[in-house]
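Descriptive structure summary
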Amino acid sequence: MDPTPNIPALNLFDLSHQHVLITGATRGIGAACALALAQAGASLCIVHRPFASDVAPNLAIVDSIKASVPHARVEKIDCDLGDIEQVKNLFPRALAIMDGQIHVLVNCAGIQRRAPAVQFSEADWDDVINTNLKAAFLLSQAAGAHMVPLRRGKIINFASLLTFQGGLTVPAYAAAKGGIGQLTKAFANEWSKENVQVNAIAPGYIATDMNEKLLADPVRLRQISERIPAGRWGKPEDFAGPIVFLASKASQYVCGEVLVVDGKGGIKSLFIWSAMGNIYVPAEPVPPSPASSRTCTPLTLEVETIASWENHIASFEARYPRVALQQVVARLLRLPLSSLLAHTLPSRTHCVSFRIITFAFASTFRYGTGQRIAGCGSFMCRIR
């Protein structure tokens, strides 16, 4: 891999003379990314759906780019990304339009289908997998065949929080986005040495039409909003910086990364992604029985909501003043479970049960440290 150029830092983000093929750019996150790339100097080839007698493609983004960057080059190419034969011909057609050169591929197109798993149709499964995963594979494969011999290129896939989680009633979408994460790493493993960087962006909850059903459901909207430390849902404009970074020389040594853009961070995200629960403490500690010094009073962390989370932390710390719950969590990342409580709870002879139960759609959570923990579990520990 070539080294990062020794030029002024801001110049690393300059995309002048770079040709970008981008899917999913006619709305939402993709449109914001297309505008940002053009503002950074790139020439664009925007993929849109074929014209049909009943539905015309949304090409307002072209006008927006022209208004913002009058001299920008913006080409258009039609393709139904759910039609695999059309997808196979897309990259060669785009190359011809862009003078035989494509430096950056952005796979941002995606569709959603919702239904309980037992009712999810095979047709919906195929539609989502073809559009969200197979099209990205075929375009990346074609881009690699073009970029690897030239020893230059960037491929940016759009993953999702469901790259790490299972989701609810979206099995095909979760499977596709999980595949995008692994596909990104697989291509990066092969092509990094050829100076082709492959990375992904995983959006959190973003206010776009793909999430219109969630936004229209007051209960789900409140539940999700309470789990976002940033205090708001994301906007498409929040992806301008990440897309320019990954498309530019500034990310020269970034390979196989799934960049999460979701408004979370820090130790609090552990509970927001997972437990966020009641802490049940006994009214009085139960002393050991004569028969066994292992008789204990359980301390259990159960799932609830973030609404009363701070109150439960305060209650816990008031009862066990030597223990900050944040310290317990921090140590959970570093210590074996058998030694966790011995390092954090007060010195008294009793046992403690500590259980973390994740939501169905949050079986994996992520920290600023980059570490991940998945699943559910409980353990008992003797405190000496």
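Please refer to the structure placed before this passage.
The notes below deal with the structure included here. (Residues numbered from 1 in each chain as written. Predicted model: local features only at pLDDT ≥ 70, side-chain atom pairs only at ≥ 80, totals over all residues. Heavy atoms only, no water.)

1. Re the overall build of the protein chain
Put simply, the test is: Counting from the N terminus, the helices are DSSP H or I runs at least four residues long and the strands are E runs at least two residues long. Exposed residues in this analysis have more than 50% of their type's maximum accessible area, buried residues have under 20%, and partly exposed residues fall in between, with area computed by a 1.4 Å probe over protein chains only. Contact definition: two residues touch when any of their heavy atoms are within 4.5 Å. Each accessible area is a Shrake-Rupley result for a 1.4 Å probe, and residues are judged covered by the shown protein chains and nothing else.
Secondary structure summary: the protein chain contains 12 helices and 13 strands in total. In the protein chain, buried positions account for 49% of the 384 residues. At a minimum sequence separation of 6, the contacts of the protein chain that also span at least 24 residues come to 72%. Total accessible area on the protein chain is roughly 17700 Å²; 55% of this is exposed by carbon and sulfur atoms.

2. Some details on unusual backbone geometry
You will see that Arg-151, though not glycine, has its phi angle at about 55°, which is positive. The residue Arg-151 is located in the loop between α4 (122–150) and β5 (153–158) in this model. Using a relative accessible area of 32% as the deciding quantity, one classes Arg-151 as partly exposed. At Thr-169, a residue that is not glycine, the phi angle is positive and equals roughly 60°. When its relative accessible area of 36% is taken as the criterion, Thr-169 is described as partly exposed.

3. Here's the deal with the sheet that holds strand β3 (residues 74–78)
What counts is decided by this rule: The pairing criterion for strands is at least two bridges between them, as found by DSSP. Convention adopted: a line fitted to C-alpha atoms gives each axis, helices being fitted over their contacting stretch, and angles between N-to-C directions are expressed from 0 to 180 degrees.
Taking strand neighbours across the sheet as the criterion, the 7 strands line up as β3-β2-β1-β4-β5-β6-β7 in an open arrangement whose pairing is parallel. At either margin of the open sheet sits one strand with a lone partner, and together these are β3 and β7 (258–261). Averaged over neighbouring strand pairs, the angle between their axes works out to 20° when direction is ignored. Pairing between strand β4 (residues 104–107) and β5: 4 bridges, direction parallel. Across the sheet, Val-104 pairs through a bridge with Lys-154, a residue of β5. Together, β1 (19–23), β2 (43–48) and β3 form the strand contacts of helix α3 (residues 84–97), whose direction differs from that of β3 by roughly 150°.

4. Re the pairing of β4
Here β4 shows no split at all, with Val-104 and Val-106 on one side and Leu-105 and Asn-107 on the other all buried. Pairing of β1 with β4 involves 4 bridges; the strand directions are parallel. Bridged to Thr-23 within β4 is Asn-107.

5. Some points on the pairing of β2
Counted residue by residue, β2 has 6 buried out of 6 residues, so it is predominantly covered. Burial along β2 is two-sided: the residues Ser-43, Cys-45 and Val-47 and Leu-44, Ile-46 and His-48 are all buried. The sheet contact formed by β1 and β2 spans 4 bridges and is parallel. Its bridge partner lying in β2, His-19 is registered against Ser-43.

6. Quick word on helix α5 (residues 171–191)
Note on helix geometry: an α-helix contains 3.6 residues per turn, so any two residues three or four positions apart are oriented the same way. Defined as follows: Each helix should span, by expectation, one fewer than its residue count multiplied by 1.5 Å.
The end-to-end C-alpha separation of α5 is 30 Å, in line with the 30 Å expected for 21 residues at 1.5 Å each. Of all the residues in α5, the buried ones are Ala-172, Tyr-173, Ala-174, Ala-176, Lys-177, Ile-180, Gly-181, Leu-183, Thr-184, Phe-187, Ala-188 and Trp-191. Residues of α5 that are buried sit in contact with α4, β5, β6 (196–203) and β7.

7. Quick look at the packing of helix α1 (residues 28–39) against helix α8 (residues 240–247)
Inclusion rule: An angle below 35 degrees is read as roughly parallel, one above 145 as roughly antiparallel, one from 65 to 115 as roughly perpendicular, and any other as oblique. Crossings are classed by handedness, with left-handed meaning an anticlockwise turn of the near helix from the far one by less than a right angle and right-handed meaning a clockwise turn. Amino acids are sorted into nonpolar (Ala, Val, Leu, Ile, Met, Phe, Trp, Tyr, Cys and Pro), charged (Asp, Glu, Lys and Arg) and polar (every other residue, Gly among them).
The contact between α1 and α8 brings their axes to 9 Å, and the two run at 55°. Between α1 and α8, the angle is such that the two are oblique. Both α1 and α8 take part in a crossing whose hand is right-handed. Facing Cys-33, Ala-36 and Leu-37 of α1, the residues of α8 in contact are Ala-240, Ile-243, Val-244 and Ala-247. The residue makeup of the contact of α1 with α8, split by class, is 7 nonpolar, no polar and no charged.

8. Quick look at the pattern of salt bridges
How we decide: Salt bridge, as used here, is a side-chain nitrogen of Lys or Arg placed within 4 Å of a carboxyl oxygen of Asp or Glu.
Evaluation of the coordinates by the stated rule reveals 10 salt bridges. A salt bridge links Arg-151 to Asp-2; the nearest nitrogen and oxygen atoms lie 3.7 Å apart. In this pair, Arg-151 sits in the loop between α4 and β5 while Asp-2 sits in the segment before β1, placing the two residues 149 residues apart along the sequence. By relative accessible area, Asp-2 is classed as partly exposed at 37%. A salt bridge links Asp-124 to Arg-113; the shortest N-O distance between them is 3.7 Å. Of this pair, Asp-124 sits in helix α4 while Arg-113 sits in the loop between β4 and α4, and the two are 11 residues apart along the sequence. By relative accessible area, Asp-124 is classed as partly exposed at 23%. We classify Arg-113 as partly exposed; its relative accessible area is 30%. Through salt bridges that share partners, Asp-2, Arg-151 and Glu-194 make up one connected network.

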